[in-house]
Amino acid sequence: MAFVLAKTETFQCDVKVQERTPSGAWREESLSLICKRTAEADRKRRLELPHGDLLREVVVDWKGIKDEHGAEVPFNEQNFEGFLQIIGAVSASVDRYWLDCMGVKDVRSKN
């Protein structure tokens with residue numbers, strides 16, 4: 001497929017978060033963030049931002065976020081600020097965002 005120069009303003013960033021359960025086991029949870037692209041002109045500045053500030057700047061919507069009863073959680077400022085308090089989700093989101101911006105499909109081992 002040929003490279004398309006004209007890109008959409010946003011893209012879907014599929015994030016996998018490793019979460020500890022109350023019993024101490026690990027569980028993988030997933031979510032999707034709809035993010036603004038980072039242009040080369042903004043890359044250095046955005047790389048220097050604290051994780052929460054970067055996500056506040058680039059995330060415009062989400063999918064797959066549910067409450068404890070399984071109901072969809074709407075994307076809004078209050079819910080997003082709550083999301084930003086979950087360090088594992090924030091870290092995984094920032095890592096995946098930059099990998100997606102650089103065109104890295106997957107860095108996880110298949111083992």
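Keep in mind that this is a model prediction, so the values were computed, not measured.

K.L.:
Now, about the nonpolar core: what can you tell me, with residues and values included?
P.N.:
With 23 residues, the main nonpolar core has Leu33, Leu55, Phe83 and Tyr97 as its most contacted residues. Every element with two or more residues in this core is listed here: β1 (10–20), β2 (26–36), α2 (51–58), β3 (59–63), α3 (77–83) and α4 (87–101). At six residues, α4 tops the list of elements feeding residues into this core. The contacts of Phe83, once residues within four sequence positions are left out, are Leu31, Leu55, Trp62, Ile65, Ala89, Val90 and Ser93.

K.L.:
Describe the packing of aromatic side chains, with residues and values.
P.N.:
Summed over the entire model, instances satisfying the criterion amount to seven aromatic pairs. Residues Phe75 and Phe80 carry aromatic rings whose centres are separated by 5.4 Å and whose planes lie at 55° to one another, so their mutual orientation is tilted. Take Phe80: its relative accessible area is 5%, and that puts it in the buried class. An aromatic cluster of at least three residues, connected via ring pairs, comprises Trp62, Phe75, Phe80 and Phe83.

K.L.:
Help me get a handle on the side chain of Arg46, residues and values and all.
P.N.:
Structurally, Arg46 is set in helix α1 (residues 40–47). Residue Arg46 is classed as buried on the basis of its relative accessible area of 7%. At 2.9 Å, the side chain of Arg46 and the side chain of Thr38 are in polar contact. Not counting residues up to four positions away in its chain, the partners in contact with Arg46 are Arg37, Thr38, Leu54, Glu57, Val58, Tyr97 and Trp98.

K.L.:
So, the pairing of β1: which residues are in play, and what are the values?
P.N.:
Here β1 runs beside β2; their pairing, made up of 11 bridges, is antiparallel. The residue bridging Gln12 from the neighbouring strand is Ile34, located in β2.

K.L.:
Kindly report on the pattern of salt bridges, identifying the contributing residues and their values.
P.N.:
Under the criterion given, the structure shown has eight salt bridges. Note that Arg46 and Glu57 form a salt bridge whose closest N and O atoms lie 2.6 Å from each other. With Arg46 in helix α1 and Glu57 in helix α2, this residue pair connects regions lying 11 residues apart in the sequence. A relative accessible area of 25% places Glu57 in the partly exposed class. Linking Glu72 and Lys66 is a salt bridge whose minimum nitrogen-to-oxygen distance equals 3.4 Å.

K.L.:
Talk me through the environment of Ser93; I want residue IDs and the actual numbers.
P.N.:
Examined against the element boundaries, Ser93 turns out to sit in helix α4. Given a relative accessible area of 0%, Ser93 falls into the buried group. As for Ser93 and Cys13, which are separated by 80 residues in sequence, their C-alpha atoms are 8.0 Å apart. Once residues lying within four places of it in the same chain are set aside, the contact partners of Ser93 are Val15, Leu33, Leu55 and Phe83. Within the local environment of Ser93, its side chain forms a polar contact with the backbone oxygen of Ala89, the two atoms lying 2.7 Å apart.

K.L.:
Hey, could you go over the sheet that holds β3 for me, with residue numbers and the actual values?
P.N.:
With antiparallel pairing, three strands are arranged side by side in an open sheet as β1-β2-β3. Taken across any chain shown, the strands that pair with only one partner, and hence form the sheet edges, are β1 and β3. Going across the sheet, the axis of each strand differs from the next one's by a mean of 30°, ignoring polarity. Contacts from α2 reach β2 and β3 within the one sheet, and its direction differs from that of β3 by about 85°. Seen against the sheet, α4 touches β1 and β2 and runs at an angle of roughly 140° to β1.

Each value, and the rule that gives it
Residues numbered from 1 in each chain as written. Predicted model: local features only at pLDDT ≥ 70, side-chain atom pairs only at ≥ 80, totals over all residues. Heavy atoms only, no water. Core = buried A, V, L, I, M, F, W, Y, C linked by side-chain atoms within 4.5 Å. Buried < 20%, exposed > 50% of the residue type's maximum accessible area, 1.4 Å probe, protein only. Helix = DSSP H or I, 4+ residues; strand = E, 2+ residues; numbered from the N terminus. Contact = heavy atoms within 4.5 Å. Phe/Tyr/Trp six-rings, centres within 6.5 Å; stacked < 30°, edge-to-face > 60°. Polar contact = N/O pair within 3.5 Å; in protein donor to acceptor, adjacent residues only side chain to side chain. Pairing = 2+ DSSP bridges. Salt bridge = Lys/Arg side-chain N within 4 Å of Asp/Glu carboxyl O. Axes fitted to C-alpha atoms, helices over the stretch in contact; angles between N-to-C directions.

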